[in-house]
Amino acid sequence: MVRRNFIQGLAAVLILILSVGGCTSKWVMDAHMSSSRLQWPPPPKDPKVKHIMMITGFREEGTSVNTLFSGRGDSRISQPVAITRGRDGRLAIADIGCKCVHLYIPDGSEYHELSDAGTRKIMSPVGVVFDDEMRLYVSDSALGEVLIFDKRGAYIFSLNELDGGQMVRPTGLAYSNDDKLLYAVDTGSHKINAYDKRGKFTFSFGSRGYENGQFNFPTHIFWSPPGGLYVTDAMNFRVQVFDDAGSFISAFGHHGDGSGDFAMPKGVAVDKDGIIFVADTLFDNIQLFTVEGAFLLTVGGRGTSPGELWLPSGIFIDSD
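Note that the coordinates shown come from a computational prediction; the quantities given were computed from them, not determined experimentally.

(A) Representation of the overall build of the chain. Tallying secondary structure elements over the chain gives two helices and 27 strands in all. Out of the 320 residues in the chain, the part that is buried amounts to 48%. For the chain, the share of sequence-separated contacts (at least 6 apart) that also reach a separation of at least 24 residues comes to 44%. For the chain, the accessible surface area stands at approximately 15,700 Å², while carbon and sulfur atoms represent 55% of it.

Shown next, in the form of structure tokens:
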């Protein structure tokens, strides 16, 4: 009788595990929607920018074999410095606080915490971008490498594993959908490197200096069609614009503490109307400029409340 009850109990447990295993675990984004209706410029003017929400992390919902034995997962964003969005809505957030990249794929409710690159640990992720195949590129300034992951977050290879184009301190990343090129800012070498989809070094442009086309600790880069590269030349306190081949087009900005001035420009992005957004780390704000570099508007300010910023770094604008 004891043996029979034991077998029946074991069978019940196995049935439970199998039924639970059929329930796929789902991850959701912890997003706190704005209730303050912040907008810039303020009412009654028509808004150019609205505060929508804050993302604080990702958590697991549903039940699976894994959650049955180890509990539901929960991942908090610690110190985010860069964000990018893929064409299918996926997000990648570089988080130097947890030495990882948060990869969230809404289609399938998947979440992956990327902290390993083969046998090595990610140390200081500062740049992220997707290519047209949803491969994820991550620049690690401490490792001195750009790491490539497939669309499910599996590590593939590093650009340093191929010959040529070695970097000292890679930071900002951009990808050209037109030319299928990855652009990587090498802050330590004061230049921009370009690579093809196989990871092969193609060309570079820039050198240290103060003239047009030269850099003094560049940090971030953004590609905007039709063929414009926007680079924050941080310690020259300006933004420079280049074509896809790295030829200089224009520049704007200078050091100062007034509207339209820069103290430490970092993240840069361009919207579909050609408006240029520049995050300034020391001003704790984002400034908007016309395509000609004329100042338009300041967004945010120092603080921890909704719509406020504290040492902002990366910024990204998608096609929408």
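We are not done yet, so read on.
(B) Molecular detail of the nonpolar core. Grouped together as the largest cluster of nonpolar side chains are 24 residues, with contacts concentrated most on I276, F277 and L288. Elements with a contribution of two residues or more to this core: strand 22 (238-242), strand 24 (265-270), strand 25 (276-280), strand 26 (285-289) and strand 27 (295-299). If one sorts the elements of this core by residue count, strand 25 sits on top with four residues. Those residues within four positions of I276 in sequence are excluded, and the remaining contacts are Y230, F252, V268, A269, V270, Q287, L288, F289, T290 and V291. Grouped together as the second largest cluster of nonpolar side chains are 17 residues, A92, I105, A117 and F130 included.

(C) Expanded view of the sheet that holds strand 20 (residues 218-224). Reading across from one edge, 20-21-22-23 is the order of the four strands in this open sheet, with antiparallel pairing throughout. Looking at the sheet topology across the chains shown, the edges are occupied by strand 20 and strand 23 (248-252). Taking the axes of each pair of neighbouring strands and ignoring which way they run, one obtains an average angle of 20° across the sheet.

(D) Geometry of the packing of aromatic side chains. Per the stated rule, a full pass over the model turns up 17 aromatic pairs. Each ring, one from F58 and one from Y111, has its centre 5.1 Å from the other, and the planes form 25°; the classification is stacked. Residue F58 is found in strand 4 (residues 53-61), and its partner Y111 is found in strand 9 (residues 110-114); the two are separated by 53 residues along the sequence. Comparing F58 with Y111, the two get one shared label, buried. Each residue in the set Y183, F203, F205, F215, F242 and F248 is aromatic and connected to the rest through ring pairs, giving one cluster. Here the guanidinium or amino end of R302 rests over the ring plane of W310, the centre of that ring lying 5.2 Å away.

(E) Up close: the pattern of salt bridges. Counted according to the given criterion, the structure contains 18 salt bridges. Where D132 meets K197, a salt bridge forms, and the shortest distance between an N and an O atom there is 3.0 Å. With D132 in the loop between strand 12 (125-130) and strand 13 (136-140) and K197 in the loop between strand 18 (191-195) and strand 19 (201-205), this residue pair connects regions lying 65 residues apart in the sequence. D284 serves as the salt-bridge partner of R302, at 2.5 Å between the closest nitrogen and oxygen.

(F) Layout of the pairing of strand 18. The element strand 18 is extensively covered by neighbouring structure, given that four of its five residues are classed as buried. Sheet topology places strand 17 (residues 181-186) next to strand 18; five bridges connect them, and they run antiparallel. Across the sheet, V185 pairs through a bridge with I192, a residue of strand 18. Count of turn residues in the strand 18/strand 19 antiparallel hairpin: five residues, of which G199 carries a positive phi of about 90°.

(G) Expanded view of the layout of surface pockets. When its volume is computed, the second largest pocket comes out at roughly 820 Å³. Lining the second largest pocket are 40 residues; nearest its centre among them are F222, W223, F316, I317 and D318. Put simply, the parts of the chain that give the lining of the second largest pocket at least two residues each are strand 6 (80-85), strand 12, strand 16 (170-176), strand 20, strand 21 (228-233) and strand 24. Considering only residue class, the lining of the second largest pocket consists of 21 nonpolar, eleven polar and eight charged.

(H) Spatial organisation of a nonpolar patch on the surface. Residues M33, I52 and M53 make up a contiguous nonpolar surface patch of about 300 Å² in total accessible area. Its location among the elements puts I52 in the loop between strand 3 (49-50) and strand 4. Judged by its relative accessible area of 54%, I52 falls in the exposed class.

(I) Main features of the sheet that holds strand 19. As summarised here, the arrangement of the four strands in space is 16-17-18-19, forming an open sheet in which the pairing is antiparallel. A strand with exactly one partner marks an edge of an open sheet, and here the two such strands are strand 16 and strand 19. Averaged over all adjacent pairs, the angle separating strand axes in this sheet is 20°, with direction ignored. In this sheet, strand 19 lies alongside strand 18 in antiparallel orientation, the contact comprising four bridges.

(J) Structural detail: the confidence of the model for the chain. Summarising the model, the chain shows a mean pLDDT of 90, and 88% of its residues fall at 70 or more. Every residue in residues 14-18 is under pLDDT 50, and counting partners more than four places away or in other chains gives three contacts.

(K) Structural context of the environment of S247. Inspection of the secondary structure assignment puts S247 in the loop between strand 22 and strand 23. Each C-alpha atom, one on S247 and one on G206, is 9.5 Å from the other, the two residues being 41 residues apart in sequence.

(L) Layout of the environment of Q240. When you line up the elements, Q240 lands in strand 22. In this structure Q240 comes out as buried when scored by relative accessible area, which is 0%. Residues Q240 and N212, 28 residues apart in the sequence, show an inter-C-alpha distance of 7.9 Å. For Q240, the residues in contact, after removing those within four places along its chain, are N212, G213, Q214, F215, L229, Y230, V231, D233, F248, S250 and A251.

Procedures and definitions
- Residues numbered from 1 in each chain as written.
- Predicted model: local features only at pLDDT ≥ 70, side-chain atom pairs only at ≥ 80, totals over all residues.
- Heavy atoms only, no water.
- Helix = DSSP H or I, 4+ residues; strand = E, 2+ residues; numbered from the N terminus.
- Buried < 20%, exposed > 50% of the residue type's maximum accessible area, 1.4 Å probe, protein only.
- Contact = heavy atoms within 4.5 Å.
- Areas by Shrake-Rupley, 256 points an atom, 1.4 Å probe, with all protein chains shown as cover.
- Core = buried A, V, L, I, M, F, W, Y, C linked by side-chain atoms within 4.5 Å.
- Pairing = 2+ DSSP bridges.
- Axes fitted to C-alpha atoms, helices over the stretch in contact; angles between N-to-C directions.
- Phe/Tyr/Trp six-rings, centres within 6.5 Å; stacked < 30°, edge-to-face > 60°.
- Lys NZ or Arg CZ within 6 Å of the ring centre and 35° of its normal.
- Salt bridge = Lys/Arg side-chain N within 4 Å of Asp/Glu carboxyl O.
- 1 Å grid on protein atoms, 1.4 Å probe; cavity = no way out; pocket = protein on both sides within 12 Å on 5 of 7 lines; lining within 4 Å.
- Points joined across faces, edges and corners; volume = space filled by probe spheres on them.
- Nonpolar A, V, L, I, M, F, W, Y, C, P; charged D, E, K, R; others polar.
- Patch = residues over 30% accessible without salt bridge, like charges linked within 9 Å, V, L, I, M, F, W, Y side chains within 5 Å.
- pLDDT = per-residue confidence, 0-100.

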